[in-house]
Amino acid sequence: MKLVNDIYNMYRDKLTGDEEDVTAIVMGLLHGQSKEELMQWVQEMQDTEIYQMLGLYLMEMLRVKMAEEGVGSVRPENTRQHRYH
């Protein structure tokens, strides 16, 4: 959680509480980062943080896939389909 705390402390005076804040910060941080730089962040994470990160990613991508395929009650028009890569 050190990475999240560091990011939060860096931007806390600029946050308004909107979801757009989070999107803008994350996209700004990821833009221009190399795979090696991203892997360094991962290397510094605790195991539980890595599991949480992968868990959230997998859940969101499965929701998107289900929406694209029309599986269940999740439909594409009801799903945020942000691709951050």
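Placed above this text is the structure.
Residues numbered from 1 in each chain as written. Predicted model: local features only at pLDDT ≥ 70, side-chain atom pairs only at ≥ 80, totals over all residues. Heavy atoms only, no water.

Considerations on the side chain of Glu49
And then number 1: Along the chain, Glu49 turns up in helix H4 (residues 47–69).
And then number 2: Of the side chains bearing the opposite charge, Lys2 lies closest to the buried Glu49, which forms no salt bridge; the N-O distance is 9.9 Å. (Helix = DSSP H or I, 4+ residues; strand = E, 2+ residues; numbered from the N terminus. Buried < 20%, exposed > 50% of the residue type's maximum accessible area, 1.4 Å probe, protein only. Lys, Arg positive; Asp, Glu negative; His and termini not counted. Salt bridge = Lys/Arg side-chain N within 4 Å of Asp/Glu carboxyl O.)

Looking at helix H2 (residues 19–30)
And then number 1: When the terminal C-alpha atoms of H2 are compared, their 17 Å separation across twelve residues agrees well with the 16 Å that a helix rising 1.5 Å per residue should span.
And then number 2: Those residues of H2 lying buried are Asp21, Ile25 and Leu29. Seen end-on, H2 carries its buried residues on one side only, within an arc spanning 55°. Pointing more than 90 degrees away from the buried face of H2 are the exposed residues Glu19, Glu20 and Ala24.
And then number 3: Structurally, H2 contributes buried residues whose contacts are with helix H1 (2–11) and helix H3 (35–43).
And then number 4: Immediately downstream of H2, the backbone of Gly32 shows phi near 85°, a positive value. (Expected span 1.5 Å × (residues − 1). Arc of directions from axis to C-beta. Contact = heavy atoms within 4.5 Å.)

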